[in-house]
Amino acid sequence: ALRRDYDFPLPSIIFVILTGIMLWSMIFVIFPIIRRHNNVFNIVLVILGIVLQLCFAFGIQGYFGIDDFDIRTQVSNYLNGQRTLSDYFIYGSNNIPIVFVFTFVGKIVNYVHLNQHMTLIFNLFQCLILDGTIYAIFVVCKKKISNETASIFLVLAVIFAPLSVYTTFLYTDTISTS
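Since the structure is predicted, the reported quantities are computational estimates derived from the model, not experimental observations.

Draft legend 1. Main features of the packing of aromatic side chains. Counted by the stated rule, this structure contains 5 aromatic pairs. Ring geometry for Tyr-88 against Phe-89: centres 4.8 Å apart, planes inclined by 80°, an arrangement best described as edge-to-face. Classification of Tyr-88 by relative accessible area gives buried; the value is 5%. The exposure class of Phe-89 is buried, given its relative accessible area of 4%. Ring geometry for Phe-102 against Phe-125: centres 5.7 Å apart, planes inclined by 85°, an arrangement best described as edge-to-face. One end of the pair, Phe-102, is in helix α5 (residues 96-111); the other, Phe-125, is in helix α6 (residues 118-144), and 23 residues separate them in sequence. The rings of Tyr-88, Phe-89 and Tyr-91 are connected pair by pair, giving a single aromatic cluster.

Below, the structure is given as structure tokens:
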């Protein structure tokens, strides 16, 4: 196999400095704002998070990698009446339950005649699952720890964009984190 080299666009020292600046700004700029304007800050964070997810859901549609391709193909096969699993699921058996979940969602989409938007609806379904998880953790933090901790969790949930990117991949990761 060939190895691809990836050149990080910034020298390591600049990356470390930028990371330090970001952490400093979180501690001395964002956290005091959280303490003073907790509810407004939470609303702004929720709106930012939803906008980010919608950008991913609408902007990234298609097949991404072997697992995603095989899962989408298997869901399509099930929706078209085929009842056998492809060979991929011999070693990717952890993805069989997700095929059943998205086959069920796909049947609902077919029933309401939105077939042409199937990929978008799959993405939005995963966003909904992720948002439900984020909301549940937020409520637990708010009730069991403090409002400030719940707000800090929202900050981390919004700035950790890779979590939202996974809503565009049909794979067990998004569902299993919920």
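Draft legend 2. A look at unusual backbone geometry. With a phi close to 60°, His-113 is a non-glycine residue in the positive phi region. Within the secondary structure layout, His-113 lies in the loop between α5 and α6. Residue His-113 is classed as exposed on the basis of its relative accessible area, which comes to 64%.

Draft legend 3. Layout of α5. With 16 residues, α5 should cover 22 Å at 1.5 Å per step; its first-to-last C-alpha distance of 23 Å lies within 8% of that length. Considered for burial, the residues of α5 that qualify are Ile-96, Ile-98, Val-99, Phe-102, Thr-103, Val-105, Gly-106 and Val-109. Positive backbone phi, approximately 60°, marks His-113, located one or two places after α5.

Draft legend 4. The layout of surface pockets, seen in detail. The calculated volume of the largest pocket comes to roughly 270 Å³. Here the element with the most residues in the lining of the largest pocket is helix α2 (residues 38-59); it accounts for 6 residues.

Draft legend 5. Up close: a nonpolar patch on the surface. Among the surface-exposed residues, Ile-13, Ile-14, Ile-17, Leu-18 and Ile-21 lie close enough to one another that they form a single nonpolar patch of about 470 Å² accessible area. Among the secondary structure elements, Ile-17 is positioned in helix α1 (residues 12-36).

Draft legend 6. Broad picture of the packing of α6 against helix α7 (residues 147-159). Following both chains from N to C, one finds α6 and α7 inclined at 155°, their axes separated by 7 Å at the closest point. The pairing of α6 with α7 is recorded here as roughly antiparallel in orientation. Seen along the crossing, α6 lies across α7 with a hand that is right-handed. Note on element contacts: α7 touches α6 through Asn-147, Thr-149, Ala-150, Ser-151, Phe-153, Leu-154 and Ala-157, opposite Ile-134, Ile-137, Phe-138, Cys-141 and Lys-142. Taken together, the residues of the contact of α6 with α7 sort by class into 8 nonpolar, 3 polar and 1 charged.

Draft legend 7. The arrangement of the nonpolar core in detail. Core analysis: the biggest nonpolar cluster contains 14 residues, and Ile-71, Val-75, Phe-89, Val-99, Phe-102, Phe-122 and Leu-170 have the highest contact counts within it. Mapped onto this core, the elements with two or more residues apiece are α3 (65-79), α4 (88-91), α5 and α6. In terms of residue count, the dominant contributor to this core is α5 (6 residues). With sequence-adjacent residues up to four places away left out, Phe-122 is seen in contact with Arg-72, Val-75, Phe-102, Val-105, Gly-106 and Leu-170.

Conventions adopted
- Residues numbered from 1 in each chain as written.
- Predicted model: local features only at pLDDT ≥ 70, side-chain atom pairs only at ≥ 80, totals over all residues.
- Heavy atoms only, no water.
- Phe/Tyr/Trp six-rings, centres within 6.5 Å; stacked < 30°, edge-to-face > 60°.
- Buried < 20%, exposed > 50% of the residue type's maximum accessible area, 1.4 Å probe, protein only.
- Helix = DSSP H or I, 4+ residues; strand = E, 2+ residues; numbered from the N terminus.
- Expected span 1.5 Å × (residues − 1).
- 1 Å grid on protein atoms, 1.4 Å probe; cavity = no way out; pocket = protein on both sides within 12 Å on 5 of 7 lines; lining within 4 Å.
- Points joined across faces, edges and corners; volume = space filled by probe spheres on them.
- Patch = residues over 30% accessible without salt bridge, like charges linked within 9 Å, V, L, I, M, F, W, Y side chains within 5 Å.
- Areas by Shrake-Rupley, 256 points an atom, 1.4 Å probe, with all protein chains shown as cover.
- Salt bridge = Lys/Arg side-chain N within 4 Å of Asp/Glu carboxyl O.
- Axes fitted to C-alpha atoms, helices over the stretch in contact; angles between N-to-C directions.
- Parallel < 35°, antiparallel > 145°, perpendicular 65-115°, else oblique.
- Left-handed = near helix turned anticlockwise from the far one by under 90°.
- Contact = heavy atoms within 4.5 Å.
- Nonpolar A, V, L, I, M, F, W, Y, C, P; charged D, E, K, R; others polar.
- Core = buried A, V, L, I, M, F, W, Y, C linked by side-chain atoms within 4.5 Å.

All we've got here are geometric facts, nothing functional implied.
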